[in-house]
Amino acid sequence: MIKDKRIKKIKEYVMEHESASLDELVTVFDVSKNTIRRDVQELVDNGELKKVYGGVSAIHKKLESFQDRQVRNLKEKVLISEKASSFIEDGDFIFLDSGTTTIEMFNFLKEKNLTIFTNSIDFIVRALPYENLNVISMGGMVDRKTNSFVNPRNMDLLKDYNIKKAFMASTGISLLNGVTNASPNESELKKIVVNRSSEVYLLVDHNKFDKYGLMTYCGLDEVDYIVTDRAPEENYQEFAKQNNIQFVIAD
C-alpha cells in the first residue's frame, strides 16, 4: 500500500475506533512499527490525530462561532448555495437547515413563492419582509454557536409534515462516519428531517470531506444529492454510484 493511501486509511481507522495503539496499527496495516510511527507523526503534525499513551486518538474539534465560520470559504459557499437553489421551484415545501452555506441560499430564494421549514434564526429574520416566503419555525432554545433554534419541545409536529426537499448542512462527512454535526442539540431535529424528506440535498465544500463532528445524524447513503465545489476522490464517486447519490459540482 502506498504511503499516502496508508496514512489516509490509518486516519479513517482511528476516527472509526476513536483511538488505537501503535501495536494495533502495526497488526492492522501489516507494516513495521517504525513505519507506523512515521505515519502517525505526520497525522499528528497536521493536527488530524493526537498522541496518547501508547498510541493515538481522534480529535473532536469544538464548534467555532457562526460568524467565524460564515466568512471562511465564502466564495465556495455562495457557488454551492446558488447551485442548490436551482433545484427549488415555485410552490415547493422545503426544509432549510441552519448553516453558513445554507444561509447563502436566501438571496437566490427570496423572489420565489415557497413554504420553508427552518431552524435558522438568520433566515427567519431575513425573510420577514418577503410575504412570498411562508416560513415555519418550531422555536426552542437559541443556540448562539449555530444561530439556530434547538431542542424544540414539539418535535412530533415535524413528523406530521411531508417535506419535499431538505437542504442540509454538515460539519464534515466521511464514508465511515456518514454525515456529522458538531452540535448535539441539533442532531435529533436533523435526523427527523432526513427521514421525513422526499429528497435530501447535502451542501458541503471540499474541505469537509474526510472530516467528522461529534454526532452522526444520517448515513451518507441517505442523501440523494451532494452539492459541492470540487469533484471528490474516486472512493466517494464509487460509493455514490453504488447508492444512487448524485454529485452536483458548483463551479
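As the structure is a prediction and not an experimental result, all values here were calculated from the model.

*Asks:* How should I be thinking about helix α3 (residues 33–45) in this particular structure?
*Replies:* Along an α-helix, a turn takes 3.6 residues, which lines up residues three or four apart on a common side. When the terminal C-alpha atoms of α3 are compared, their 18 Å separation across 13 residues agrees well with the 18 Å that a helix rising 1.5 Å per residue should span. Buried residues in α3 make contact with α1 (3–17), α2 (22–29), β2 (49–52) and β3 (55–58).

*Asks:* Help me understand the nonpolar core in this model?
*Replies:* Core analysis: the biggest nonpolar cluster contains 28 residues, and Leu 158, Met 168, Val 179, Val 193, Leu 202 and Ile 226 have the highest contact counts within it. Setting aside residues up to four positions removed in sequence, Ile 226 forms contacts with Leu 202, Val 204, Phe 209, Leu 220, Ile 245, Gln 246, Phe 247 and Val 248. Core analysis: the second largest hydrophobic core is formed by 21 residues, Leu 109, Phe 123, Val 227 and Val 248 among them.

*Asks:* Sorry if this is basic, but what is going on with unusual backbone geometry here?
*Replies:* The bulk of non-glycine residues show a negative phi, and the bulk of peptide bonds are trans. Even without being a glycine, Asp 30 presents a positive backbone phi close to 55°. Turning to its location among the elements, Asp 30 is positioned in the loop between α2 and α3. The class of Asp 30 is exposed, set by a relative accessible area of 70%. One non-glycine residue, Asn 244, lies in the positive phi region at around 55°.

About the criteria used
- Residues numbered from 1 in each chain as written.
- Predicted model: local features only at pLDDT ≥ 70, side-chain atom pairs only at ≥ 80, totals over all residues.
- Heavy atoms only, no water.
- Helix = DSSP H or I, 4+ residues; strand = E, 2+ residues; numbered from the N terminus.
- Expected span 1.5 Å × (residues − 1).
- Contact = heavy atoms within 4.5 Å.
- Core = buried A, V, L, I, M, F, W, Y, C linked by side-chain atoms within 4.5 Å.
- Buried < 20%, exposed > 50% of the residue type's maximum accessible area, 1.4 Å probe, protein only.

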